[in-house]
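What follows is each chain in one-letter form.
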Amino acid sequence: MALATNYEREFQMISDVYEKSGGDASRFLNKEIVSVIVSGDKLIGRNTVDGVNLKFRQIEDGIELWIDIEDGVKLKQPVHLCTGFLKERGRQTILIHNRCGKNSEVKFLSHCVFPYGLEFTHKMIADTYVGEGSKLSYEDVHFHSDTGGVSVEAIYNTRLSKGADFGNFFNLTQGRVGKLRVKMIVDLDDEASAQIESKVYARADDEVHITEELNLNGKHSSGLARTIVFATEKSRATIINRAYGNAPYSRGHIECKEIIKGYGVNVGTVPVLFVKDEKAELTHEASIGRVNLKQLETLMAKGLNEDEATEMIIRGLLR
Amino acid sequence: MLELKSISLERDDTNIIKDLSAVFYEGKVYAVLGNNGVGKSTLAYIIMGLESYRDYTGSVLWDGRVINGLSVPERARLGITLGWQEPCRFDGITVKEYLTLGEKKQFSIEKLVSTLDVVGLPRDYLSRTVDSSLSGGERKRIELASVILMEPRLVVLDEPDSGIDLMSTNMIQRVFNSLSGNGTTLIVITHREEIAEMTEEAYLMCGGNMLKNGDPQEIIAYYRTACDNCKHVNEPLKGVN
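Each value, and the rule that gives it
Residues numbered from 1 in each chain as written. Chains lettered and ligands numbered in written order. Predicted model: local features only at pLDDT ≥ 70, side-chain atom pairs only at ≥ 80, totals over all residues. Heavy atoms only, no water. Pairing = 2+ DSSP bridges. Helix = DSSP H or I, 4+ residues; strand = E, 2+ residues; numbered from the N terminus. Axes fitted to C-alpha atoms, helices over the stretch in contact; angles between N-to-C directions. Buried < 20%, exposed > 50% of the residue type's maximum accessible area, 1.4 Å probe, protein only. Polar contact = N/O pair within 3.5 Å; in protein donor to acceptor, adjacent residues only side chain to side chain. Contact = heavy atoms within 4.5 Å. Parallel < 35°, antiparallel > 145°, perpendicular 65-115°, else oblique. Left-handed = near helix turned anticlockwise from the far one by under 90°. Nonpolar A, V, L, I, M, F, W, Y, C, P; charged D, E, K, R; others polar. Core = buried A, V, L, I, M, F, W, Y, C linked by side-chain atoms within 4.5 Å. Salt bridge = Lys/Arg side-chain N within 4 Å of Asp/Glu carboxyl O.

Caption draft 1: Region of the structure containing the sheet that holds strand β13 (residues 179-188) of chain A. All names here are of chain A. Reading across the sheet, the nine strands line up as β4-β5-β7-β9-β11-β13-β15-β17-β19 and stay open at both edges, with mixed pairing between neighbours. Each having just a single partner strand, β4 (52-59) and β19 (266-275) make up the two edges of the open sheet. Ignoring strand direction, the axes of neighbouring strands in this sheet form an average angle of 5°. Inspection of the sheet shows strand β9 (residues 119-130) paired to strand β11 (residues 150-160) by 11 bridges, in the parallel sense. Along β11, the bridge assignment pairs D127 with N157.

Caption draft 2: Structural view of unusual backbone geometry. The backbone of D61 of chain A shows a phi angle near 65°, a positive value even though the residue is not glycine. If you trace the backbone, D61 of chain A turns up in the loop between β4 and β5 (62-69). Classification of D61 of chain A by relative accessible area gives partly exposed; the value is 26%. Of note in this structure, D63 of chain B is not a glycine but carries a positive phi near 50°.

Caption draft 3: Layout of the side chain of H144 of chain A. Residue and element names in this part refer to chain A. Here H144 lies in strand β10 (residues 135-144). Only 3.0 Å separates the side chain of H144 from the side chain of H142, close enough to count as a polar contact. The contacts of H144, once residues within four sequence positions are left out, are F114, V150, V152, L172, Q174, G175, R176 and V177.

Caption draft 4: Region of interest: the packing of helix α5 (residues 136-150) of chain B against helix α6 (residues 169-181) of chain B. Residues and elements named next belong to chain B. Contact geometry of α5 with α6 gives a least axis separation of 10 Å together with a crossing angle of 15°. When the axis of α5 is compared with that of α6, the two are roughly parallel. Note that α5 runs across α6; the crossing there is left-handed. Residues R141, L144, V147 and I148 of α5 form the contact with α6, whose own contacting residues are M171, I172, V175, S178 and L179. Here the residues of the contact of α5 with α6 are counted per class, giving seven nonpolar, one polar and one charged.

Caption draft 5: Expanded view of the sheet that holds strand β9 (residues 201-206) of chain B. Residues and elements named next belong to chain B. Strand order in the open sheet formed by six strands is β6-β7-β8-β3-β9-β10, and the pairing between neighbours is mixed. Two strands bound the open sheet, and with one partner strand each, they are β6 (80-83) and β10 (209-214). Each strand of the sheet is rotated relative to its neighbour by a mean of 20°, with strand direction disregarded. Inspection of the sheet shows strand β7 (residues 154-158) paired to strand β8 (residues 185-190) by five bridges, in the parallel sense. Bridging across to β8, V155 finds its partner in L186. Sheet contacts for α5: β6 and β7; angle to β6, the most-contacted strand, approximately 165°. Seen against the sheet, α6 touches β3 (29-33), β7 and β8 and runs at an angle of roughly 155° to β8.

Caption draft 6: How the structure looks around the nonpolar core. Judged by nonpolar contacts, the single largest core of 86 residues is most densely connected at L4 and F24 of chain B. Once residues lying within four places of it in the same chain are set aside, the contact partners of F24 of chain B are M1, L2, L4, Y30, V32, T185, I187, Y203 and M210 of chain B. Counting 62 residues, the second-largest nonpolar core is a separate cluster that includes L81, C112, A202 and A243 of chain A.

Caption draft 7: Layout of the pattern of salt bridges. This model, assessed by the stated rule, comprises 26 salt bridges over all chains. A salt bridge links E213 of chain A to R242 of chain A; its shortest N-O distance comes to 2.6 Å. One end of the pair, E213 of chain A, is in strand β15 (residues 207-216); the other, R242 of chain A, is in strand β17 (residues 236-245), and 29 residues separate them in sequence. Residue class for E213 of chain A comes out buried when judged on its relative accessible area of 13%. The exposure class assigned to R242 of chain A is partly exposed, which follows from its relative accessible area of 22%. We note a salt bridge from R290 of chain A to E51 of chain B, for which the minimum N-O separation is 3.6 Å. Of this pair, R290 of chain A sits in the loop between β20 (281-289) and α2 (293-300) while E51 of chain B is found in the loop between α1 (40-48) and β4 (57-62), placing the two residues in two different chains. Taken together, the shared-partner salt bridges in this structure form one network comprising E88, R89 and E119 of chain A.

It is worth stressing that arrangement in space is one thing and function is another; only the former is reported here.
Laid out in structure tokens, this is it:
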């Protein structure tokens, strides 16, 4: 890891929060692991290995980053990305261009930590291309302050070549959400497959908007888009899951589960399925309601009170 | 001691439980035997105080005190629990977390492993998830293990062998031994004679009521002759004692 000068303290602070959010900061110091650390609008550390090329440039309020994985590169360790913002107010923009060559395998672990945000906006756009026969997964874990003053817009545009396999996982279950807008769009070529999933725990007056979209453009392509939201108190959530079966033998399933607790919640979901080929097959599943009563009573019959039982069930679901 | 006094429960103008009375003494192993649909599981839910089964009439007494108004966790705190016929799936929760209620209860690994051994599961199940990756039978075994770890004063085991292969009656016997060894009162809901044979006293249930009670062998003999081919299911013949 090459740390930019004078950023040791900032690195330490970000590392501390990164660990709180479930990350392992020691990975950043491992020279065999590809890693990138952004604090505010500065790139404060980076490391790469053979077969992975990193480029970046400063932009207004943030960083634009190119990660190029060469053909046939199979990384044993995940690429670690950490984006932090340690001030209370401000704005951060992160633009990421991932390109994964043919027959490669890579996993991204991204942590976004905004522990002090009072009036803070984070915008991230990740454009990802996955080459033929490659396997790429991108897990994005957010850790926000408890103030509700963080606004996040996260957009993931992904294009999968023939036979590529892709996973995109967004998780915001620690701290307050604030205002969240997530958009995941995946275009799939022949025999490509994708699983995209968002898990969010909304409290107080948090606002959540999630759109997940599968464009099954290739023959025998398949995809699963799933959203799980636990909405409590006066939080609001709108979830849109879309699947387009545009090619023969394409198969897609969309699923939304919104679990609610509290009289002030306001949640909704809109499933959208469109088929343009008679051999395509799409399905959907959606539910909105309280925590499953039988699950609750199972745990309560073992001695947990209702709140403890709810917490345990939800923690499991959002994991 | 658990006493049920004149319990009745109606659903859609049908009496599911009809003026039912029974007594279960501390430390004994009871069977509640009966065909499907006679109200056995409903009785289990009434004893546990489940939300949808609280509108019964009559009294549930625990150590002489009426507990009709107590919720599920309140009854659990008294030492009453339920082993479900079809245990739920819990996405994202490991067997270890399930058994320790998310670490709320502290058990040594040795204790957890030895309890899994009672129900015939190896140690590596502790890291498995209690979701659809486990079969119904495996979840049932885990449910029984969790009941053993609770060391309850009274447990209602609703069809403890359902979903478990017929060859596993030895395992069921081990579960009963483990529980009764701790002084737990067992109420075993079953429609299988082999399971009722493992108990000390049996009730025969029919039409939402207790038709007979006594020695399990006598109750089983009656059940075999009268209930197996009964043409009056849930309409018990008058005059049976």
